[in-house]
Amino acid sequence: MGATLLLVGCGKMGGAMLDGWLKAGTVERVVIVEPGGMTHAHPAVTVVGSAPELPSGFAPDVVVLAVKPQVMDNVVPAYAGLAGPKTVFLSIAAGKTVDYFHRHLGGAAAIVRAMPNTPAAIGRGITVAVPNDSVSTAQRDLCTALLSAVGEVAWAEDESQMDAVTAVSGSGPAYVFLLAEALAAAGEAAGLPADLAQRLARATVSGAGELLHQSPQAPAQLREAVTSPGGTTRAALDVLMAPDGMTALMTRAVAAATKRSKELAQ
């Protein structure tokens, strides 16, 4: 591709993306700004400690903002000078809106707001992104290629959807991990040794997730394939699918996370 990137922040998510880009050969050159310092042996990677240390005349195709939302106010203004038609800013910070970046970078800046999730660390994430009007087709394609290095990519045309995206896929891995915790605890309560209950829950959740990933069938079809009339699975599902069961609980949980996402964007 031959793209040049500025990666601002190289924590868990930024590091996972960097690994994906280098493995896929997506980029030609990456300059990383990491105040805490780091070493990297790849010949395409340069690491500096702050914005003033950037190479003279460096004009990246993409500036990836991968710092925590709570420090973004102190970080973004240093890169306003890079805003222009040839550079797109790609943010993966939760809750930071396009308008937020306009205030710091100028109204003409090309901005893509993205929400990845933690399975990106193993190349199995999903990221939803939304562009502003200044993002060109070529820049959108470039961002798709970059985000695809760590999993699936979907685009939203309406930024108002991003709060729900955050609640479903951004926070969603925690819900799945909680399911594994709850299943193990239920196994213990039913009389299983703790280590066996943990092992069964972990393998069941991860195995079912992989089956869902590989199968063309809808989740409901896969569920029905496990469920015999009058059997043990049916007895459990009668509880989980009751009016006050899992769907109602998950709906309330996602609504709470969506509400909080909106609050954090203020």
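Check the entry above for the structure.
Caption draft 1: Local environment of the side chain of Ser261. Structurally, the position occupied by Ser261 is in helix H10 (residues 246-264). If sequence neighbours within four positions are ignored, Ser261 has contacts with Asp163 and Thr166.

Caption draft 2: Structural view of the sheet that holds strand S1 (residues 3-8). With respect to topology, eight strands assemble into an open sheet ordered S3-S2-S1-S4-S5-S6-S7-S8, the strand pairing being mixed. A strand with exactly one partner marks an edge of an open sheet, and here the two such strands are strand S3 (45-48) and strand S8 (151-155). Within this sheet the neighbouring strands show an average axis-to-axis angle of 20 degrees, counted without direction. Here strand S5 (residues 88-91) pairs with strand S6 (residues 110-115) via four bridges, running parallel.

Caption draft 3: Summary view of the nonpolar core. In terms of nonpolar packing, the biggest core is built from 30 residues, with Leu5, Leu7, Leu18, Trp21, Val30, Val62 and Leu90 touching the most fellow members. When contributions to this core are tallied by element, the ones reaching two or more residues are S1, helix H1 (12-24), strand S2 (27-33), strand S4 (62-65), S5, S6 and helix H4 (137-148). Among the elements that line this core, the one with the most residues is H1, at five residues. Ignoring anything within four residues of it in the chain, the contact list for Leu7 reads Gly14, Leu18, Trp21, Val30, Val31, Ile32, Val33, Val64 and Ala66. The next biggest cluster of nonpolar side chains, apart from the first, holds 24 residues, and it includes Leu6, Val8, Val75 and Leu82.

Caption draft 4: Representation of the pattern of salt bridges. All chains considered together, the criterion is met by six salt bridges. Across the salt bridge formed by Arg124 and Glu210, the nearest N and O atoms sit 2.9 Å from each other. You can see Arg124 sitting in the loop between S6 and strand S7 (125-131) and its partner Glu210 sitting in helix H7 (residues 194-214), a full 86 residues away along the chain. For Arg124, a relative accessible area of 37% translates into the label partly exposed.

Caption draft 5: Looking closely at the pairing of S4. Of the two faces of S4, both are covered, the one formed by Val62 and Val64 as well as the one formed by Val63 and Leu65. As defined by bridge partners, S1 adjoins S4 across four bridges and the pair is classed as parallel. Each bridged residue has a counterpart across the sheet, and for Leu6 the counterpart in S4 is Val63. Strand direction decides the pairing type here: S4 and S5, joined by four bridges, are parallel. Bridge pairing links Leu65 to Ser91 in S5.

Caption draft 6: Here's a closer look at H4. Taking 1.5 Å as the rise per residue, H4 with 12 residues should run 16 Å; its terminal C-alpha atoms sit 16 Å apart, in good agreement. Taken together, the buried positions of H4 are occupied by Gln139, Leu142, Cys143, Leu146 and Leu147. For H4, the buried positions fall inside an angular range of 130 degrees around the axis, keeping them on one side. Summarising the geometry of H4, the exposed residues directed more than 90 degrees from the buried face are Thr137 and Ala138.

Caption draft 7: Quick look at a nonpolar patch on the surface. A cluster of nonpolar side chains, Leu179, Leu240, Met241 and Met246, forms an exposed patch at the surface whose accessible area comes to about 350 Å². For Met246, a relative accessible area of 42% translates into the label partly exposed.

Here is what the cut-offs are and how they apply
Residues numbered from 1 in each chain as written. Predicted model: local features only at pLDDT ≥ 70, side-chain atom pairs only at ≥ 80, totals over all residues. Heavy atoms only, no water. Helix = DSSP H or I, 4+ residues; strand = E, 2+ residues; numbered from the N terminus. Contact = heavy atoms within 4.5 Å. Pairing = 2+ DSSP bridges. Axes fitted to C-alpha atoms, helices over the stretch in contact; angles between N-to-C directions. Core = buried A, V, L, I, M, F, W, Y, C linked by side-chain atoms within 4.5 Å. Buried < 20%, exposed > 50% of the residue type's maximum accessible area, 1.4 Å probe, protein only. Salt bridge = Lys/Arg side-chain N within 4 Å of Asp/Glu carboxyl O. Expected span 1.5 Å × (residues − 1). Arc of directions from axis to C-beta. Patch = residues over 30% accessible without salt bridge, like charges linked within 9 Å, V, L, I, M, F, W, Y side chains within 5 Å. Areas by Shrake-Rupley, 256 points an atom, 1.4 Å probe, with all protein chains shown as cover.

So yeah, pure geometry; function would need other evidence.
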